[in-house]
Amino acid sequence: MRYSSLLVLLLLFAFSIPSSSAQYYTQTRDYTVIAWPEANPIWEMDVYSPSKSSGTEGSGLEIRNVRYNGRKVFERAHVPVVNVEYDAGSGCGCYRDWNDFEMFFETEPAANGATFLDAAPGSVKTTCDFDGVVDPLSDQGDLVGIAGEDFGDRLVLTTQMAAGWYRYRVRWTFWLDGTIQPEFAFGHTFNICTESGRNHHAYWRFDFDIEGGEDDYVTEMTATEMIEFEEEARRNHADGVTWGVFDRLSGRGYVLTPGEETQLPVDDFSYADAIVLAYDAIEIDDGGGFSAQFCAIDFESEGPPNPNDGSRKPALLDGESVLDTDVVLWYRTGTYRAGEGDNACRRLGPTLTPVGNWAVADQSETPAVPQFAELTAAYPNPFERVTTVQFRVSEARSVSLTLVDDLGRTVRSLYQGVPTPGQLVTTEIEAGTLPSGSYTVRLTGEGINETTRVVLLR
């Protein structure tokens, strides 16, 4: 299913590399250094295109050494494993796809063959972005690499990959308030197998290093309890479940709130929705590689034999301690495609929300006692009539939940009171007479200041 290497080289060298006046990124031979916004950077990271990414078969748009306000968030974050399993009787079997073949997409202004392009906001269009405009099964554009869109309140990084007839789009959105939205989109061009039903899975590997990673721990939060993992584990979605990675000394961390992928339940092939592992430098993926023999992800068996020396990678999930150490959180994004004319792209992924004080680092500050307050991303968002947000706090205290317009005015009080510690509080936001636009949902209280955005469309 791979494209001819000669064809790839001819296509790439047929285009010129444009110059750019953008200042928030610096190009190196193998990666792009991001410092955004230009005037006063709060996000810093190294960005690798799919062809330069790590893993047995690549891992898409990969980010490394990610810092928010000078504080470490990720050592590395990427998608090392993508697989697909077709319905029984289709004759198409299963595949472990590659994530390192870069495919053309469109931007404005156009840029041919650039490794990184500072694109006009809203102009990036991959195969997954032409729904209702042109045939969504056709390829468009002439950019290969990564496009960055500076919307002012967020930076969006996008790339597109090809694995045979499939088109996979990876998109990272970084907000000024520290929120991160990784997204994996599943699209395709025509093939007889795309007319068959199948389950797609993409596995994010989040190598968190909150404040360096040495004292990190992982939590699971439901409507009734919050637990800390003591050893490696695999977990599945449940109503309202979120996972968090925190630094024990500072109390800072990130909470992962699942997206619409919760609609696809786990089976033997997909393995798990979340996997908590102790960090190991050689555990970039499960070692399966591109082979029909190793379609399904496997964290509990030794890897396939190395063709050079016969050695095998040890099992990833083997009971190591994950308490107050360097940890890795894997997360599955998945969707079912019915085939038979089901051509719409699926755009899926979690929301990563900062918890604690992520203000610019002050060398004189003393370690904080870990406190926890979580405000989830609104869903649906954008919305037309009603959207829902949820929050919880770790200790009994008076909190307020308000809706604030883009001028900083409180336009609606959503909640006022003392919620039960650890209990998930659900609040609906009705459009009512509010004008269309962007709003901020703000959770405040003693030691609490959490925000998330909602967009009202009419």
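Treat the numbers as computed from the prediction; the structure is a model and nothing was measured. (Residues numbered from 1 in each chain as written. Predicted model: local features only at pLDDT ≥ 70, side-chain atom pairs only at ≥ 80, totals over all residues. Heavy atoms only, no water.)

### Notes on the overall build of the protein
So, point 1. Counting its secondary structure elements, the protein contains one helix and 28 strands.
So, point 2. Looking at the protein residue by residue over its 458 residues, the buried ones come to 52%.
So, point 3. Look at the contacts in the protein between residues 6 or more apart in sequence, and 67% of them connect residues 24 or more apart.
So, point 4. Carbon and sulfur atoms make up 48% of the accessible area of the protein, which amounts to about 19,300 Å² in all. (Helix = DSSP H or I, 4+ residues; strand = E, 2+ residues; numbered from the N terminus. Buried < 20%, exposed > 50% of the residue type's maximum accessible area, 1.4 Å probe, protein only. Contact = heavy atoms within 4.5 Å. Areas by Shrake-Rupley, 256 points an atom, 1.4 Å probe, with all protein chains shown as cover.)

### Some remarks on the nonpolar core
So, point 1. Counting 65 residues, the largest nonpolar core has Phe74 and Trp172 as its most contacted members.
So, point 2. Here this core takes seven residues from strand 5 (residues 71-86), the largest share from any one element.
So, point 3. One finds Leu375, Val399, Val425 and Tyr439 within the second-largest nonpolar core, a separate group that totals 21 residues. (Core = buried A, V, L, I, M, F, W, Y, C linked by side-chain atoms within 4.5 Å.)

### Details of the sheet that holds strand 28 (residues 448-456)
Remark on secondary structure: sheet strands pair via backbone hydrogen bonds, oriented parallel or antiparallel.
So, point 1. Taken in spatial order, the four strands line up as 25-24-27-28 in an open sheet, and their pairing is antiparallel. Unpaired on one side and paired on the other, strand 25 (410-417) and strand 28 mark the two borders of the sheet. Within this sheet the neighbouring strands show an average axis-to-axis angle of 15 degrees, counted without direction.
So, point 2. Bridge count for strand 24 (residues 399-404) against strand 27 (residues 437-445) is six bridges, and the pairing is antiparallel. Its bridge partner being in strand 27, Ser400 is matched across the sheet by Thr444. (Pairing = 2+ DSSP bridges. Axes fitted to C-alpha atoms, helices over the stretch in contact; angles between N-to-C directions.)

### Some words on the sheet that holds strand 23 (residues 386-393)
So, point 1. What the three strands build is an open sheet, ordered 22-23-26; its pairing is antiparallel. The strands lining the two open edges of the sheet, one partner per strand, are strand 22 (373-375) and strand 26 (425-430). For this sheet the average axis-to-axis angle between neighbouring strands, irrespective of direction, equals 20 degrees.
So, point 2. Strand direction decides the pairing type here: strand 22 and strand 23, joined by three bridges, are antiparallel. Of the residues in strand 23, the one forming a bridge with Ala373 is Val393.

### A look at the state of the cysteines
So, point 1. Taken as a whole and assessed by the stated rule, the structure comprises two disulfides.
So, point 2. The disulfide partner of Cys92 is Cys193, and the S-S distance across this bridge is 2.1 Å. Between Cys92 and Cys193, the S-S dihedral sits near -100 degrees, and the bridge is therefore left-handed. Pair noted here: Cys92 is in the loop between strand 5 and strand 6 (94-97) and Cys193 is in the loop between strand 11 (180-188) and strand 12 (198-208), with a separation of 101 residues, a long-range link. (Disulfide = S-S within 2.5 Å.)

### What about the pattern of salt bridges?
So, point 1. A complete count under the given rule lists 22 salt bridges for this structure.
So, point 2. Salt-bridge contacts for Arg234 lead to Glu300; the nearest nitrogen and oxygen are separated by 3.6 Å. Taken together, the residues Arg234 in strand 15 (residues 233-235) and Glu300 in the loop between strand 18 (274-278) and strand 19 (327-337) connect sequence positions 66 residues apart.
So, point 3. Judged by relative accessible area, Arg234 falls into the partly exposed class, the value being 42%. (Salt bridge = Lys/Arg side-chain N within 4 Å of Asp/Glu carboxyl O.)

### Description of the environment of Glu430
So, point 1. With respect to the helices and strands, the residue Glu430 is situated in strand 26.
So, point 2. Sequence separation between Glu430 and Thr387 is 43 residues; the distance between their C-alpha atoms is 6.7 Å.
So, point 3. What Glu430 contacts, discounting residues up to four positions off in sequence, is Arg385, Val386 and Arg412.

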